[in-house]
Amino acid sequence: MEERTLLTLVFSSLVILAETIAQKHAIEIYSLHVDCKVTSRFAHTIITSKIANRASESREATFEVELPKTAFITNFSMSIDGKVYPGIIKEKASAQKEYDTAISRGQSAGLVKITGRKLEQFHVSVSIAATSKVTFELMYEELLKRQLGKFELLIKVRPKQLVKHFQIDVHIFEPQGIRFLETDSTFMTNELTEALTKVQNETKAHILFKPTVDQQKINPEVDETLLNGDFVVRYDVKRVATAGDIQIVNGYFVHYFAPQEMPAFPKNVIFVIDRSGSMAGRKIEQTRAALLKILQDLHPEDHFSFITFNSKVAEWKSSLLQATAENVASATGFMQTLSASGGTDINRALLTAVSLLDKTEKLPERSVSMIILLTDGQPTSGESNVEVIQENIQNAVNGKYALFCLGFGFDVSYKFLEKMALSNGGIARRIYENSDAALQLQGFYQEVATPTLMKIEMQYPENAVEGLTKNNFKLFFEGSELIVSGKISNELDLLPVEIKAQSHASDLTLKEEANVKEKEQVFQNRSYIFGNFIERLWAYLTIQQLLEKSISAQEEDQKALEAQALELSLQYSFVTPLTSMVVTKPTGQQQMELVNKPTEADNEKPSSFPVGDAYRLRSRSPPGRWRLESKSGSNKKLSSVVARLRDTMRAQPLANEYPQLLLQLPKQNEIICLNTDGKAQPSVHLLSDPEQGLTVMGKLGDRRNHFVQFEIIYVNPPVQIHVSTDEILLSHNNESTRLPWTESATSSIHGLRVSVEKERSITASLSDTVTVKISFVKFPDDFLGLYFLNTDHFSDKVSGVLGQFYSKAQFENNSKINQRADERLLSVSGSEHRVTRQYKKDYRLESTSDPVPCWSIHVTP
């Protein structure tokens, strides 16, 4: 009986397992092809997915791909049982109206959404009958942009299952000649490398990646795919020292200009750094790390300075300084002290930067001046109306300088930053809150670090060329490329071009003539290119530039620019921010999908309320979920109010007391306010790290519950720093040096730098070691406030009342306890402590009006 029961159980388990496997493979992607033709930088990509339903009942098949943000979708279709369901591109308002009618009947919408810093996701599902098949086909186009000396074609690979017929097929044709070509992948193995072939000659390249099912497997016993990540092709073209390269097809031309080996202009650069409360923790540490690296990359002839801001604006120096070794070292020390708290006064910070550039004397005559703003929030202190700020900055800059705006994370209003940058000759960029944020910042700086030309004019005969794209450029940076396109309106034998620009050494004039018939002959009878690519490239570039120009235009001009962009989008079948694609499904299903083109400004947290932008949170089936709609007029005021409320709640609560100790938890955007039991003690062991060779002791006051004395002890060099509210003593080799609080001073002992800022603070810093800083607070009673910078240098052996938090502190999962939002459990050295959210005065700041939000904990030394 027991054996029969056991056999029955085993048999049942096998049946369940077999059913599970059958369920898993019921929807099979049996073919997935990515075919890409790159002709003179313009990439035309078709993704074809063939799916079969192996089940005995209807199942849902999903087509999900990721494509570059810079691409425009041009076509999509589904083929089911021999019938094709095409996507139709319409004006966005018209498509929206059609969609709203469908949504009222309970049908859902499928949107393209941004999924990362370079990609957006296209997702559509359809129900297919038993044993039926469906073919999805998506087509998109993009103009590859040259950055840091190379073009990059990015293909996201993620089929989520083994595919019998899988291939990526890339053809590249560059008439100028291919200088170098490389492929890269985040998932490549030795077995997969065997499936990759590259063939290249002077002007053409063919890359084919065609792995078998066995090569796709994680291992022979597991039916799971290795194909999950990025497949990247990088290349650059050959160039000669002329006025660039002109290519012509069917009466349309494109002109590429990227001069090489030219001397760089000296830069005058001001870094405007947000140090408001929301930057605390990982963001400020990553910013500091990036700026320290950028400082080392400055050229000796460059001039630079820093402005930091929260609700107050602070200038590092009263003028720009030349990037000498001494000034860079001084700035490095300043960066080490960068901390975050308070609100966000973007307006005054940028006006201060412009004023600093205006008043600085003896800057190089031929030089490039730029302002680089880094912020993670919206303006909440001082002037908070974004339109007023944009106008103020544009009036102040007045075309003299370039403004680059970097938005850190998703609480920023990207649209605000983008408009401000584009109105002042710069660009905006989002910095993603990942572990490589510091590298993103450095990467952006590298793109603008080497300006070699300014005031570039690319001129063509007015009576022979029409529809000309942008042909005047403020700056050219080494490693980039300028592109102009247009239509030749007359029967020309020769197309002349003249380029005027300023280089570091002199004014330049370059001339070139293109033989129209010879140029057109280059692209005749080329089976591996797609026909009217220059005309489509011209349309793509024109639409992008019209949309970009509309961002900073006045309302009336904005409408005219958007109308031109819309007309071209519809004519050339591009899904742009002004158009939508309507996809109709078979009868009996949720019949409509709406494909929109998201912009970076749409890529905000819901709480950020993108400034001035209409947005829609749509319901999905099942019906009954809320949808929220907003129009741009009221949204500007709403976003400003919400932003101000958010920062006010975060940065401006009442706080009437200082904590004994403040510390930032490593790799966590959380601050701890630490208090002991308040009994006066001769000595409190605060911190020891044997690998750092650092020990810190402290003494509480007799009549006040704060520290009045610290001992900082270094092993190498053997130095002891005694800090009290009366004086500072440096002891080394049985000799002592007294440093009074009444004056600023600096002392160096074998690489250990001790700096005293008059009646404010003392900083002790040593290369590759934690920086110790002590603030001197004189009100209401004199006391000292200790904190550390560069805490990632602490080892896992750090200990002490304060030290244990840097190695053995971790917040527990909120679900573990029944708690309020202002309470959490903090595990420290194996013990759990209930901590509460409080606001304290921040002794790290000169101003006491900016409280710091922290988790308060009491410990016994």
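Here, every reference points to the structure presented above.
The structure presented is a predicted model; accordingly, all values stated were derived computationally and were not measured.

### A short note on the overall build of the protein
- Looking only at helices and strands, one finds 14 helices and 52 strands in the protein.
- Taking all 861 residues of the protein together, the buried fraction comes to 54%.
- Accessible area for the protein stands at about 38,900 Å²; split by element, carbon and sulfur atoms hold 48% of it.

### Some points on empty space enclosed by the protein
- On inspection of all chains with the given rule, the structure shows three cavities of 30 Å³ or more.
- Looking at the largest cavity, its volume works out to about 190 Å³.
- As for the largest cavity, its lining consists of 19 residues, and the residues nearest its centre are Arg288, Gln664, Phe788, Leu789 and Arg844.
- Counting only elements with at least two residues in the lining of the largest cavity, the list comes to helix 5 (282-297), strand 36 (661-664) and strand 48 (783-789).
- Looking at side-chain class alone, the lining of the largest cavity contains eleven nonpolar, five polar and three charged residues.
- Taken together, 13 residues line the second largest cavity, and the ones lying closest to its centre are Leu291, Ile294, Ile372, Leu406 and Leu441.
- Broken down by secondary-structure element, the contributors of at least two residues to the lining of the second largest cavity are strand 19 (267-274), helix 5, strand 23 (368-375) and helix 10 (437-448).
- Of the residues forming the lining of the second largest cavity, the biggest block, four residues, is contributed by helix 5.
- Its residues assigned to classes, the lining of the second largest cavity shows twelve nonpolar, one polar and no charged.

### Comments concerning the sheet that holds strand 39 (residues 694-700)
- Spatially, six strands are ordered 38-39-40-41-42-43 in an open sheet, and the strand pairing comes out antiparallel. Both outer strands of the open sheet, strand 38 (684-689) and strand 43 (735-740), are each paired with one neighbouring strand and no more. Mean inter-strand twist for the sheet, computed between neighbouring axes without regard to direction, equals 15°.
- Sheet analysis places strand 39 next to strand 40 (residues 707-714), joined by seven bridges and oriented antiparallel. Within the sheet, the bridge partner assigned to Thr695 lies in strand 40 and is Ile713.

### Some details on helix 9 (residues 414-422)
- When we look at burial in helix 9, the residues that qualify are Tyr414, Phe416, Leu417, Met420, Ala421 and Leu422.
- Packed against the buried residues of helix 9 are helix 7 (346-359), strand 23, helix 8 (386-397), strand 24 (402-408), strand 25 (428-431) and helix 12 (533-551).

### Quick look at the packing of aromatic side chains
- Applying the stated rule across the entire model yields 36 aromatic pairs.
- Measuring from ring centre to ring centre gives 6.2 Å for Phe271 and Tyr445, while their planes differ by 45°; the resulting arrangement is tilted. Of this pair, Phe271 sits in strand 19 while Tyr445 is found in helix 10, placing the two residues 174 residues apart along the sequence. Across the pair, exposure class does not vary: Phe271 and Tyr445 are buried alike.
- Every member of this aromatic cluster is reached through a ring pair, and the members are Phe271, Phe304, Phe306, Trp316, Phe334 and Tyr445.
- Positioned above the aromatic ring of Tyr30, the side-chain terminus of Lys133 is 5.0 Å from the ring centre.
- One Lys or Arg, Lys283, reaches over the ring of Phe408 and ends 5.9 Å from the middle of that ring.

### Considerations on the nonpolar core
- In this structure, Phe304, Ile721, Leu786, Phe788, Phe805 and Leu826 are the most contacted members of the largest nonpolar core, which totals 102 residues.
- Residues Val124, Val157, Val163 and Ile168 belong to the second largest nonpolar core, which totals 56 residues.

### Some points on the environment of Pro666
- For Pro666, the location among the structural elements is in the loop between strand 36 and strand 37 (671-675).
- The spatial distance from the C-alpha of Pro666 to the C-alpha of Thr791 is 6.6 Å, given a sequence separation of 125 residues.

### Observations regarding the pattern of salt bridges
- In this structure the tally under the stated criterion is 34 salt bridges.
- In this structure, Asp236 engages Arg146 in a salt bridge whose closest nitrogen and oxygen atoms are separated by 3.0 Å. In this pair, Asp236 sits in strand 16 (residues 229-237) while Arg146 sits in the loop between strand 8 (133-143) and strand 9 (151-157), placing the two residues 90 residues apart along the sequence.
- Between Arg366 and Asp507 there is a salt bridge, with the nearest N and O atoms lying 2.9 Å from each other. Separated by 141 residues along the polypeptide, Arg366 in the loop between helix 7 and strand 23 and Asp507 in strand 31 (residues 507-515) bring together distant segments of the chain.
- According to the relative accessible area criterion, Arg366 is partly exposed, its value standing at 26%.
- Taking relative accessible area as the criterion, Asp507 reaches 52% and is therefore assigned exposed.
- Via salt bridges that share partners, Arg41, Arg146, Glu174, Arg179, Asp236, Arg239 and Glu481 belong to a single interconnected network.

### Remarks on helix 7
- Between the first and last C-alpha of helix 7 there are 20 Å, a value that for 14 residues agrees with the 20 Å anticipated at 1.5 Å per step.
- Every buried residue belonging to helix 7 is among Ile346, Asn347, Ala349, Leu350, Thr352, Ala353, Val354, Leu356 and Leu357, and all of these are buried.

### Describing the sheet that holds strand 36
- Across the sheet, six strands lie side by side as 36-37-52-51-50-49; this open sheet has mixed pairing. Each of the sheet's edge strands pairs with one partner strand only, and the pair in question is strand 36 and strand 49 (809-811). Averaged over all adjacent pairs, the angle separating strand axes in this sheet is 35°, with direction ignored.
- Judged from the four bridges that link them, strand 36 and strand 37 form a sheet pairing that is antiparallel. Among the inter-strand pairings, Leu662 is bridged to a residue of strand 37, identified as Cys673.

### Looking at the state of the cysteines
- In total, this model carries one disulfide according to the counting rule given.
- Covalent S-S linkage joins Cys673 and Cys854, the inter-sulfur distance amounting to 1.9 Å. Because the torsion about its S-S bond is -105°, the bridge between Cys673 and Cys854 counts as left-handed. Highlighted residues: Cys673 in strand 37 and Cys854 in strand 52 (residues 852-858), separated in sequence by 181 residues.
- Its relative accessible area of 0% is what places Cys854 among the buried residues.

### Concerning the packing of helix 12 against helix 13 (residues 555-571)
- Where helix 12 contacts helix 13, the axes come no closer than 9 Å and their chain directions differ by 160°. As judged from the angle between their axes, helix 12 and helix 13 are roughly antiparallel. Crossing angle aside, the handedness with which helix 12 passes helix 13 is left-handed. Mapping the contact onto sequence places Trp538, Thr542, Ile543, Leu546, Leu547, Lys549, Ser550 and Ile551 in helix 12 and Gln558, Leu561, Glu562, Gln564, Ala565, Leu568 and Ser569 in helix 13.
- Class assignment of the residues belonging to the contact of helix 12 with helix 13 gives a composition of eight nonpolar, five polar and two charged.

Cut-off values and rules
Residues numbered from 1 in each chain as written. Predicted model: local features only at pLDDT ≥ 70, side-chain atom pairs only at ≥ 80, totals over all residues. Heavy atoms only, no water. Helix = DSSP H or I, 4+ residues; strand = E, 2+ residues; numbered from the N terminus. Buried < 20%, exposed > 50% of the residue type's maximum accessible area, 1.4 Å probe, protein only. Areas by Shrake-Rupley, 256 points an atom, 1.4 Å probe, with all protein chains shown as cover. 1 Å grid on protein atoms, 1.4 Å probe; cavity = no way out; pocket = protein on both sides within 12 Å on 5 of 7 lines; lining within 4 Å. Points joined across faces, edges and corners; volume = space filled by probe spheres on them. Nonpolar A, V, L, I, M, F, W, Y, C, P; charged D, E, K, R; others polar. Pairing = 2+ DSSP bridges. Axes fitted to C-alpha atoms, helices over the stretch in contact; angles between N-to-C directions. Contact = heavy atoms within 4.5 Å. Phe/Tyr/Trp six-rings, centres within 6.5 Å; stacked < 30°, edge-to-face > 60°. Lys NZ or Arg CZ within 6 Å of the ring centre and 35° of its normal. Core = buried A, V, L, I, M, F, W, Y, C linked by side-chain atoms within 4.5 Å. Salt bridge = Lys/Arg side-chain N within 4 Å of Asp/Glu carboxyl O. Expected span 1.5 Å × (residues − 1). Disulfide = S-S within 2.5 Å. Parallel < 35°, antiparallel > 145°, perpendicular 65-115°, else oblique. Left-handed = near helix turned anticlockwise from the far one by under 90°.

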